[in-house]
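Listed below are the residues making up each chain.
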Amino acid sequence: MIGKIDHIGIAVSNLDEAVKLYRDVLGLELHGTEVVPEQKVRVAFLPVGDTEVELLESTSAEGPIAKFIEAKGQGIQHIAFRVDDIEAALEEMKAKGMRLIDDKPRYGAGGAKIAFLHPKSTGGVLIELCERK
Ligand code: ZN
């Protein structure tokens, strides 16, 4: 079901500062930035090999990234696995007793269909399932 790690989501308090680290110091290529109003984030995409680093800056004090940073500080916020069919993947996860944050897929950065599994079911790791055409 899972093809690869689609991306790693990193919560940052200042996107421009974070880009300086990943692009200018680590040498990754910045592929672009996008605001995703649904998730109250501004995202920078930095492909690396077959996967991607996504830097996430909150656009609102009420957003999930702002809350994450408030509770835990900056750092890795989630891991996204690529799936072919997200509806089928969610059904399978539900059938296997996983708690879901999203019963139905929603739209994420880059036009992907995404859904999160609840960290209470995954040993504390926020896992995102991600389908891209
Ligand atoms: Zn993500």
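Residues numbered from 1 in each chain as written. Predicted model: local features only at pLDDT ≥ 70, side-chain atom pairs only at ≥ 80, totals over all residues. Heavy atoms only, no water.

Student: Looking at this structure, how should I read the coordination of the zinc ion?
Tutor: A metal bound by six donors in octahedral fashion has ideal angles of 90 or 180 degrees, whereas one bound by four tetrahedral donors has an ideal angle of 109.5 degrees. Protein coordination of the zinc ion is provided by His7 (NE2), His78 (NE2) and Glu128 (OE), with donor distances spanning 2.0 to 2.1 Å. Of note, the donors binding the zinc ion are all from one chain and are spaced H-x70-H-x49-E. Here His78, found in strand β5 (residues 75–83), pairs with Glu128, found in strand β8 (residues 127–131); they are 50 residues apart in sequence, far enough to count as distant. The two residues His78 and Glu128 agree in class, both being buried. (Donors = N, O, S within 2.8 Å, 3.2 Å for Na, K, Ca; no water. Helix = DSSP H or I, 4+ residues; strand = E, 2+ residues; numbered from the N terminus. Buried < 20%, exposed > 50% of the residue type's maximum accessible area, 1.4 Å probe, protein only.)

Student: How do you make sense of the side chain of Gln39 when you look at a structure like this?
Tutor: Locating Gln39 in the fold gives a position in the loop between β2 (32–36) and β3 (41–48). Once residues lying within four places of it in the same chain are set aside, the contact partners of Gln39 are Pro64, Arg106, Tyr107, Gly108, Ile114 and Phe116. (Contact = heavy atoms within 4.5 Å.)

Student: It is not clear to me how helix α3 (residues 86–95) should be interpreted in this structure. Could you clarify?
Tutor: Given 3.6 residues to a turn, an α-helix orients residues that are three or four positions apart in the same direction. Of the positions making up α3, those classed as buried are Ile86, Ala89, Leu90 and Met93. Burial along α3 is one-sided: seen end-on, the buried residues are contained in an arc of 100 degrees. At its buried positions, α3 is contacted by β5, β7 (113–117) and β8. Here α3 starts with a cap whose side-chain oxygen sits 3.2 Å from the backbone nitrogen of Glu87, and that cap is Asp85. (Arc of directions from axis to C-beta. Polar contact = N/O pair within 3.5 Å; in protein donor to acceptor, adjacent residues only side chain to side chain.)

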